[in-house]
Amino acid sequence: MVFSGYYIAIGIVSIMIAVSGIVLGIGIALQDRKLTEIGKTELYQSLINGAIVGILVVSFLPGGLVSGLINSITASSGISMTCPAPLNANQAICFAHNYLVGIYPVEISGHSYPSLLDSVMSLLLPVSALYGTIAAISGLKVSIVVVSIGFTALAQPVLTQLNYIITALSLTLLSLEIQGILLEFVAAVSLTILLPIGLILRTFYFTRRLGGAILAITIALFAVLPLAYILDTQMMSTYSLSTGVSLNQSIQNSTAVQHSVLASIGVQNLTASSATSIIGEIGGLFSGLTGLVDNLLNTISGLIMEAFLFPIFSIILTIISAREFARILGTEVSFGKFDIF
């Protein structure tokens, strides 16, 4: 059964309460203060563990308090999306996954947005085609009488900028895929594996701190991380509406310009009738590429913010939340060099 770990945890808590009661009774009967204190301490801890197990089971099972609260917050944010079966138990994780790497658009405050993966791919493919075309043009040489003219020096600055853009888009694509897999992992194992293991370890004396740490990290990953993504998208949407700068519109403008440039290159190669006209047309083409590169850089800056800076902010919130949850559960969570405050 999917939630058999919860039943194991409940059974262990019951056993620990019984054992603690027996130890306490023996200590009282023998008038052994040390044994009595051990029995009392373990009985209190077993009762606390029982309360923790009960609260977490009621809160995190499908339809529980936490799941319902997360779904309610997601719905109240004006967010609409399509959830596949593995992710539909947590609407916030479903939204974050769809917004990052989904195949369907998501709706935020009445506005439809493609996934960031679609946005990156819609730029990466035309930019790669443009790079290859310009690289081919840079190798051309036009002869006028005894003078041979090449376009390598003219094309090199543009090719360098396009290479930077392709590298940035490739890294952004990798970042989005990693985040999408992380969210799928959280949705798949947080309630079915990590939370039951944390509950079981929390019931034993020698693994109590480890169990508390696993519980704290699991709660932060399941609840805080996806809600932080919703906060990120709300901030980006508010920024777009207040400034009139839409990442989606910028991407559409960039791709439209790229397609027009590629079409223009094809027409010029077909219609050029003399060496002088070829030189003039290609020179005009490279001078017009400056605006396209600037537009692409502005668009990619927005993508990098959503693919790198906002996720870092979400991870920071998750780390801080895990540490605070750990303190509530009577343990500590340390991330070494990644500790925040």
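Here goes a summary of the coordinates provided. (Residues numbered from 1 in each chain as written. Predicted model: local features only at pLDDT ≥ 70, side-chain atom pairs only at ≥ 80, totals over all residues. Heavy atoms only, no water.)

### Digging into the overall build of the protein chain
Tallying secondary structure elements over the protein chain gives 9 helices and 5 strands in all. When contacts within the protein chain are restricted to residue pairs at least 6 apart in sequence, those whose partners lie at least 24 apart make up 69%. Accessible surface for the protein chain amounts to roughly 17,100 Å². Of this, 70% is attributable to carbon and sulfur atoms. (Helix = DSSP H or I, 4+ residues; strand = E, 2+ residues; numbered from the N terminus. Contact = heavy atoms within 4.5 Å. Areas by Shrake-Rupley, 256 points an atom, 1.4 Å probe, with all protein chains shown as cover.)

### Some words on the nonpolar core
Grouped together as the largest cluster of nonpolar side chains are 62 residues, with contacts concentrated most on Leu56, Leu162, Ile165, Leu169 and Leu199. Secondary structure elements with two or more residues in this core: α1 (4-30), α2 (33-60), α4 (91-101), β2 (106-108), α5 (116-138), α6 (152-203), α7 (208-243) and α9 (275-328). Residue contributions to this core peak at 15 residues, all from α6. Beyond its immediate stretch of four places on either side in the chain, isoleucine 165 contacts Val127, Val293, Leu296, Leu297 and Ile300. (Core = buried A, V, L, I, M, F, W, Y, C linked by side-chain atoms within 4.5 Å. Buried < 20%, exposed > 50% of the residue type's maximum accessible area, 1.4 Å probe, protein only.)

### Points about a nonpolar patch on the surface
A cluster of nonpolar side chains, contributed by Met305, Leu309, Ile312 and Ile316, occupies part of the molecular surface with about 330 Å² of accessible area. Relative to the elements of secondary structure, methionine 305 occurs in helix α9. (Patch = residues over 30% accessible without salt bridge, like charges linked within 9 Å, V, L, I, M, F, W, Y side chains within 5 Å. Salt bridge = Lys/Arg side-chain N within 4 Å of Asp/Glu carboxyl O.)

### Some details on the pattern of salt bridges
Across all of its chains, the model carries 2 salt bridges by this definition. Two residues, glutamate 42 and arginine 208, come together in a salt bridge whose shortest N-O distance is 3.2 Å. Taken together, the positions of glutamate 42 in helix α2 and arginine 208 in helix α7 put the pair 166 residues apart, joining distant regions of the chain. Of the two residues, glutamate 42 and arginine 208, neither departs from the other in class, the shared state being buried. With a shortest N-O distance of 3.1 Å, glutamate 324 and arginine 327 are connected by a salt bridge. With glutamate 324 and arginine 327 both in helix α9 and 3 residues apart, this pair spans about one turn of that helix. Accessibility expressed as a relative area gives 38% for glutamate 324, which makes it partly exposed.

### Re the packing of aromatic side chains
Each aromatic ring pair is characterised by the separation of its centres together with the angle its planes make. In this structure the tally under the stated criterion is 1 aromatic pair. Pairing phenylalanine 95 with tyrosine 99 gives two aromatic rings, centres 5.8 Å apart and planes at 20°, and the pair type is stacked. One end of the pair is phenylalanine 95 and the other is tyrosine 99, both in helix α4 and 4 residues apart, which spans about a single turn. Residue class for phenylalanine 95 comes out buried when judged on its relative accessible area of 0%. (Phe/Tyr/Trp six-rings, centres within 6.5 Å; stacked < 30°, edge-to-face > 60°.)

### As for the environment of isoleucine 134
Residue placement: isoleucine 134 occurs in helix α5. In this structure, the C-alpha to C-alpha distance between isoleucine 134 and valine 158, residues 24 residues apart in sequence, is 8.4 Å.

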